[in-house]
Amino acid sequence: MKKPSTVISAVCAVAFVVLIILKPGLCTGGAAEGILLSGRVIIPSLFPFTACVLFIMKSGALDIFKFAAPFTKKVFGLSPELFSLMLLSFIGGYPIGAKLLNEAVKLRRISPENAGIMLNYCVNAGPAFVILAVGGGIIGSKAVGYILLAAHIVSSFILSLVFGRFIKGEEAKKEEQAYKSTADNFVTCVSEAASAVFSICAYVIFFSTIISYINFYSEKLPFIKYFSSLLEVTNAVSKTRNILIIAFLLGFAGFCIWCQIISVGDRLKISYPIFAASRIAHGLLSVGITALLLKIFNIPLTVSAAVRFAPSYSTLSLSVSMLCMVIVLLITLYTKNRTGKILDDIV
């Protein structure tokens, strides 16, 4: 007998196919919006950072934090290297933490169970998104963006202190580095970062399509518009002018981000009910801390108007960006035939 969840998901998929057939224009419009969102926000803010932190992790540079072992082990229950990964996840963007933890499990630097526990507090929006996209673009105030980012990070620290008590035993034995050549390491990290970010963009496009149908039918069924706020965080925060609601949405992250995290963290042993509870707790903590900071700096809870984040690019910068993405794609496709020399791999 089929599980109820399987039946429900199949029914939802069939219903969505019917909607696409009935209103194909909404599908293409939503997908196009998702592609623009990926190009304007996701790729610029996530791809370079992901490639860099993977390179740092695989290069062994994090071993310099060994001196802090007594502090990190006692307070957070983590080795210095894993503590460094935690800090990188706080500033890297939503799926960066899951990607780094997945890589740590792959290299046998942490057990899947402990990585699943860490995931509950290693899900954070990055500075580029919070300060520039949300603060400067949607709210119209970079100062509020800094406040939201500070509240976001402090909330994660609080959750790390709570969940750190559940980290069990010694971490798995560290595996020898598979890529010792700097050039080989660079090519591998760029390829893995491209794969992870492209997967994230696919989820953004899919959920943007769903949101386009929700927005269309919300005129007849007003209550479903609130459901869309839980799906994709960028669209959700752009529709509200209340800073505290935005703080909660950034902490909650949304189902689209959750799917991205599950996708890039396939080696982690995740407790989904606990993960969902941690997202709600992160959102509520962010609301409380944001309210306190807004009161301290005497900033109103609402803004006069909500504007969409729509950065502009010059022809030169757009051309350079497209060239870089083509190079990344070629490296990704032909990574198995890499020579170990950066210039030769690019050519």
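For the structure given in this document, a descriptive report is provided here. Small disclaimer: the values here were computed from a predicted structure and weren't measured. (Residues numbered from 1 in each chain as written. Predicted model: local features only at pLDDT ≥ 70, side-chain atom pairs only at ≥ 80, totals over all residues. Heavy atoms only, no water.)

A few points about the packing of helix H13 (residues 255–264) against helix H14 (residues 272–296)
In a packed pair of helices, the relevant descriptors are the angle between the two axes and the axis-to-axis distance. To be explicit about the condition: Between N-to-C directions, angles cover 0 to 180 degrees, with each direction set by a line fitted to C-alpha atoms, over the stretch in contact for helices. In this description a helix means any DSSP run of H or I spanning at least four residues, a strand means any run of E spanning at least two, and both kinds are numbered starting from the N terminus. The cut-offs work like this: below 35 degrees is roughly parallel, past 145 is roughly antiparallel, 65 to 115 is roughly perpendicular, and the gaps in between are oblique. By definition, any crossing whose near helix is turned counterclockwise from its far helix by less than a right angle is left-handed, and any crossing with a clockwise turn is right-handed. Should any heavy atoms of two residues lie within 4.5 Å, those residues are counted as being in contact.
Axis separation between H13 and H14 bottoms out at 12 Å; the angle between their running directions is 135°. When the axes of H13 and H14 are compared, the pair comes out oblique. When the axes of H13 and H14 are compared, the crossing they make is right-handed. Only Tyr272, Phe275, Ala276 and Arg279 of H14 make contact with H13, whose side of the interface consists of Trp258, Ile261 and Ile262.

Observations concerning a nonpolar patch on the surface
Stated precisely, the cut-off is as follows: Exposure above 30% relative accessible area and no salt bridge define the residues that can form patches, which grow by joining like charges within 9 Å and nonpolar side chains of Val, Leu, Ile, Met, Phe, Trp and Tyr within 5 Å. The method behind every accessible area is Shrake-Rupley, applied with a 1.4 Å probe, and residues are considered shielded solely by the protein chains displayed. We define a salt bridge as a contact between a side-chain nitrogen of Lys or Arg and a carboxyl oxygen of Asp or Glu at a distance within 4 Å. Burial status follows relative accessibility: with a 1.4 Å probe on protein chains alone, a residue under 20% of its type maximum counts as buried, one over 50% as exposed, and anything between as partly exposed.
A cluster of nonpolar side chains, contributed by Val154, Ile158, Val162 and Phe166, occupies part of the molecular surface with about 320 Å² of accessible area. Counting through the fold element by element, isoleucine 158 comes out in helix H8 (residues 142–163). Isoleucine 158 sits in the partly exposed class, given a relative accessible area of 34%.

Considerations on H14
Our working definition: Here a helix's expected span is defined as the number of its residues, less one, multiplied by 1.5 Å.
Counted at 1.5 Å a residue, the expected span for H14 with its 25 residues is 36 Å, and the 36 Å between its end C-alpha atoms agrees. Those residues of H14 not exposed but buried are Phe275, Ser278, Arg279, His282, Gly283, Ser286, Ile289, Thr290, Leu293 and Leu294. On its buried side, H14 packs onto helix H6 (112–119), H8, helix H12 (243–252) and H13. One or two positions beyond H14, positive phi appears at asparagine 298, with a value near 55°.

What about the pattern of salt bridges?
Under the criterion given, the structure shown has two salt bridges. The closest approach of N and O atoms between glutamate 81 and arginine 109, which form a salt bridge, is 2.5 Å. Taken together, the residues span a long stretch of sequence, with glutamate 81 in helix H4 (residues 80–92) and arginine 109 in the loop between helix H5 (96–106) and H6 at a distance of 28 residues. Here glutamate 81 and arginine 109 have matching classes, each one buried. A salt bridge links lysine 106 to glutamate 192; its shortest N-O distance comes to 3.8 Å. Placement of lysine 106 in helix H5 and of glutamate 192 in helix H9 (residues 182–217) is noted, with a sequence separation of 86 residues between them. Judged by its relative accessible area of 38%, lysine 106 falls in the partly exposed class. With relative accessibility at 14%, the residue glutamate 192 sits in the buried group.

Focus: the environment of threonine 240
Topologically, threonine 240 is positioned in the loop between helix H11 (233–237) and H12. Take threonine 240: its relative accessible area is 13%, and that puts it in the buried class. For the pair threonine 240 and threonine 302, spaced 62 residues apart in the sequence, the C-alpha separation amounts to 8.9 Å.

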